[in-house]
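If you want the building blocks of each chain, they are given just below.
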Amino acid sequence: MSYATELQVALEAARRAADRILELYVPFEAIPDARIDISTQADTDAQEIILQTLRQHFPSDAYQAEEATPTLAACERRGSRVWVIDPIDGTRGFAQKNGEFSIMIALTVDSLPVLGVVWEPALNRWTYASHGQGCYTEVGRVCQVTTTATLEQATLVQSHTRPDRPSPVIAALHPAQVVQTHSAGVKLARVARGEADLYVNFYGNFNDWDIAAGHILVTEAGGIVSGLKGQTIVYGQGAQKAGLLASNPHLHAPAAERLRDVF
């Protein structure tokens, strides 16, 4: 099935939300020590714009989103077609004004992602994909994951860590290079765009909107996304508790094997 109409509407919703986010971002006074769970007016405004745009075209669909906004309160939450939305993934990056945040919009059908948009407003770039149609950048370039063959040659993208708290993922995988950024959406988009080889999320639990849009970007770019032990990630079942491993096909099995001893 083609999701061309849904993709175009999702891109338009993301564009409108990005415009509003940038209106608030430019005059925003940076908070260097922003809490990880910070929320801003930009989060709620962006979510309302996205929900209202999508519901205008798909009023019968269900919706899940991060912020408690009036439009979300009026939405059906469960169904075979569910839009999964994070209006600003990496709000800490917004608050710190380092550009490391993204808008994430996904559509899941029967608990699997079929469409995803990750839009990075501060960098004016976006990555999008739909089932069976590939993954693309803002200039229409086809995305492909890397062909890096060994973990020791790989670039790992991960969240920022404190120098006194080394990442267990680095210790297990021994990558050649580590790139740090806020936003799971940004991380997954980098894997899909071939700018990093793999990403590991080992949080004890997280939400569908943290990964759904980025998930399909990676798979449509030729990569593999699973739980840390190779489990299929299913959406709409509550908090995600199996972690996430996203990588090119060459690295997935060896990375999962090494991570099995850690998590």
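Residues numbered from 1 in each chain as written. Predicted model: local features only at pLDDT ≥ 70, side-chain atom pairs only at ≥ 80, totals over all residues. Heavy atoms only, no water.

Novice: Tell me what's going on with the overall build of the protein, and back it up with residues and numbers.
Specialist: A tally of regular secondary structure across the protein gives eight helices and 11 strands. Relative to the compact-globule value of 18 Å for 263 residues, the protein shows a C-alpha radius of gyration of 17 Å, a close match. Summarising its shape, the C-alpha atoms of the protein cover approximately 50 × 45 × 35 Å along the three principal directions. Across the 263 residues that make up the protein, the buried fraction comes to 55%. Long-range pairs, those at least 24 residues apart, make up 62% of the contacts in the protein with a sequence separation of at least 6. Of the roughly 11,300 Å² of accessible surface on the protein, 50% is carried by carbon and sulfur atoms. Between the mean site of the 21 positive side-chain charges and the mean site of the 29 negative ones, the protein shows a separation of 2 Å. (Helix = DSSP H or I, 4+ residues; strand = E, 2+ residues; numbered from the N terminus. Rg over C-alpha atoms; globule rule 2.2 N^0.38 Å. Buried < 20%, exposed > 50% of the residue type's maximum accessible area, 1.4 Å probe, protein only. Contact = heavy atoms within 4.5 Å. Areas by Shrake-Rupley, 256 points an atom, 1.4 Å probe, with all protein chains shown as cover. Lys, Arg positive; Asp, Glu negative; His and termini not counted. Charge placed at Lys NZ, Arg CZ, Asp CG, Glu CD.)

Novice: Give me the packing of helix α1 (residues 4–25) against helix α2 (residues 41–57): which residues, what numbers.
Specialist: Running from N to C, α1 and α2 point in directions that differ by 155°, and their axes come no closer than 9 Å. Put simply, α1 runs roughly antiparallel to α2. The hand of the α1/α2 crossing is right-handed. Between α1 and α2, the residues in contact are Val-9, Ala-10, Ala-13, Arg-16, Ala-17, Arg-20, Ile-21 and Leu-24 and Gln-41, Ala-42, Asp-45, Ala-46, Ile-49, Ile-50, Thr-53, Leu-54 and His-57, respectively. Its residues placed into classes, the contact of α1 with α2 shows 11 nonpolar, three polar and three charged. (Axes fitted to C-alpha atoms, helices over the stretch in contact; angles between N-to-C directions. Parallel < 35°, antiparallel > 145°, perpendicular 65-115°, else oblique. Left-handed = near helix turned anticlockwise from the far one by under 90°. Nonpolar A, V, L, I, M, F, W, Y, C, P; charged D, E, K, R; others polar.)

Novice: How would you sum up the sheet that holds strand β7 (residues 155–158)? Please name residues and give values.
Specialist: Taken together, five strands build an open sheet; the order of strands is β8-β7-β9-β11-β10 and the sheet is mixed. Looking at strand neighbours, the two that pair on one side only are β8 (177–180) and β10 (224–226), the edges of this open sheet. Neighbour-to-neighbour, the strand axes of this sheet turn through a mean angle of 15°, independent of strand direction. Where β7 meets strand β9 (residues 198–201), two bridges bridge the pair, whose relative direction is parallel. Considered in β9, the bridge of Leu-156 is made with Leu-198. The strands touched by helix α6 (residues 184–192) are β7, β8, β9 and β11 (244–247); relative to β9, the strand with the most contacts, the crossing angle is about 150°. Contacting β9, β10 and β11, helix α8 (residues 249–260) runs over the sheet at an angle of about 150° to β11. (Pairing = 2+ DSSP bridges.)

Novice: I'd like a rundown of the pairing of strand β3 (residues 102–109), residues and numbers included.
Specialist: Extensive coverage of β3 is indicated by the burial of eight of its eight residues. Neither face of β3 is open: one carries Ser-102, Met-104, Ala-106 and Thr-108, the other Ile-103, Ile-105, Leu-107 and Val-109, and all of them are buried. Pairing of strand β2 (residues 81–89) with β3, which is carried by seven bridges, proceeds in the antiparallel orientation. Across the sheet, residue Val-82 finds its bridge partner in β3, namely Thr-108. Examined bridge by bridge, β3 and strand β4 (residues 112–120) share seven bridges and lie antiparallel to one another.

Novice: Give me the lowdown on α6, citing residues and values where you can.
Specialist: In terms of burial, α6 is a largely internal element, eight of the nine residues being buried. Burial in α6 covers these residues: Ala-184, Gly-185, Val-186, Lys-187, Leu-188, Ala-189, Val-191 and Ala-192. A side-chain oxygen of the first residue of α6 lies 3.2 Å from the backbone nitrogen of Gly-185; this N-cap is Ser-183. The first or second residue beyond α6 is Gly-194, which carries a positive phi of 80°. (Polar contact = N/O pair within 3.5 Å; in protein donor to acceptor, adjacent residues only side chain to side chain.)

Novice: So, the sheet that holds β3: which residues are in play, and what are the values?
Specialist: Judged by pairing direction, the sheet is mixed, and its six strands sit side by side in the order β1-β2-β3-β4-β5-β6 without closing on themselves. One side of each edge strand has no neighbouring strand; the edge strands of this open sheet are β1 (62–65) and β6 (134–137). The sheet shows a mean angle of 15° between the axes of neighbouring strands, taken without regard to direction. In this sheet, strand β5 (residues 125–130) lies alongside β4 in antiparallel orientation, the contact comprising six bridges. Note on β5: the bridge partner recorded for Leu-115 is Ser-130. Strands β2, β3, β4 and β5 of the sheet are contacted by α1, whose axis makes an angle of about 30° with β4.

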